[in-house]
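# Report on the structure
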Amino acid sequence: INPLMTPFCLLYFVVNLGLQLWEMVYRTRRIYESAGMLWPKFFNHVMCGIYLQHIVMIALLGIKKFVFAPILIPAPFIALIFHVSVLRLYDRPWTYMSYHDAT
């Protein structure tokens, strides 16, 4: 019965995808648009999650006595360098540029 149902399930999901995309583009209106004001906060939250993930992974692999765990020690520092460089590059436009000019 499964091989007979697979094409119909695929057809259902393809039609559903098309209808949902049409509804998002042409029918639904956004009630609130933040104009990118939440992006700096969101970026900081994501980077904090990446730091936590690096620390937990290093600790877990160290507890499991994985041989290559010390290779991961520079990863949080590389992420920190990336975080600081992005903040330096975009902090001034995020702070002083109008959102109308940025778009």
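Only a predicted model underlies this, so the values are computations on that prediction, with no experimental measurement involved. (Residues numbered from 1 in each chain as written. Predicted model: local features only at pLDDT ≥ 70, side-chain atom pairs only at ≥ 80, totals over all residues. Heavy atoms only, no water.)

### Some words on the overall build of the protein
Of the regular secondary structure elements, the protein holds four helices and zero strands. The order of helices and strands in the protein, counted from the N terminus, is α-α-α-α. For the protein, the residues scored as buried account for 14% of the 103 residues in total. In the protein, the proportion of contacts linking residues at least 24 apart, taken out of those at least 6 apart, comes to 67%. For the protein, the exposed surface amounts to about 9500 Å²; the carbon and sulfur share of it is 73%. (Helix = DSSP H or I, 4+ residues; strand = E, 2+ residues; numbered from the N terminus. Buried < 20%, exposed > 50% of the residue type's maximum accessible area, 1.4 Å probe, protein only. Contact = heavy atoms within 4.5 Å. Areas by Shrake-Rupley, 256 points an atom, 1.4 Å probe, with all protein chains shown as cover.)

### A word on the packing of aromatic side chains
In total, this model carries six aromatic pairs according to the counting rule given. Here the aromatic rings of Trp22 and Tyr26 are separated by 6.3 Å at their centres, their planes lie at 45 degrees, and the arrangement is tilted. Here Trp22 pairs with Tyr26, and both are found in helix α1 (residues 2-27), just four residues apart, close to one helical turn. Arranged with centres 5.6 Å apart and planes meeting at 40 degrees, the rings of Trp39 and Phe42 form a pair that is tilted. (Phe/Tyr/Trp six-rings, centres within 6.5 Å; stacked < 30°, edge-to-face > 60°.)

### Regarding the side chain of His83
Mapped onto the fold, His83 is located in helix α3 (residues 75-96). According to the relative accessible area criterion, His83 is buried, its value standing at 9%. Here Asn44 takes part through its side chain, which lies 2.8 Å from a polar atom of the side chain of His83. (Polar contact = N/O pair within 3.5 Å; in protein donor to acceptor, adjacent residues only side chain to side chain.)

### With respect to the confidence of the model for the protein
On average, residues of the protein score 86 in pLDDT, and 89% of them are at 70 or above. Per-element mean pLDDT across the protein ranges from 60 in helix α4 (residues 99-102) up to 93 in helix α2 (residues 39-63). (pLDDT = per-residue confidence, 0-100.)

### Remarks on the nonpolar core
One recurring pattern in soluble globular proteins: nonpolar side chains tend to sit buried together. Counting residues in hydrophobic clusters, the biggest one holds five residues: Phe43, Met47, Tyr51, Ala79 and Val86. Here Phe43 is in contact with Phe82, His83, Val86 and Leu87, once residues within four sequence places are set aside. (Core = buried A, V, L, I, M, F, W, Y, C linked by side-chain atoms within 4.5 Å.)

### Here we look at the environment of Val86
As for its position among the elements, Val86 is in helix α3. For Val86, a relative accessible area of 14% puts it in the buried group. Leaving out residues up to four positions away in the same chain, Val86 has contacts with Phe43 and Asp91.

### Let's talk about the side chain of His54
By secondary structure assignment, the location of His54 is in helix α2. A residue is classified by how much of its surface remains accessible, and His54, at 18% relative accessible area, is buried. Apart from the residues lying within four places of it in its own chain, the contact partners of His54 are Ala75, Pro76 and Ala79.

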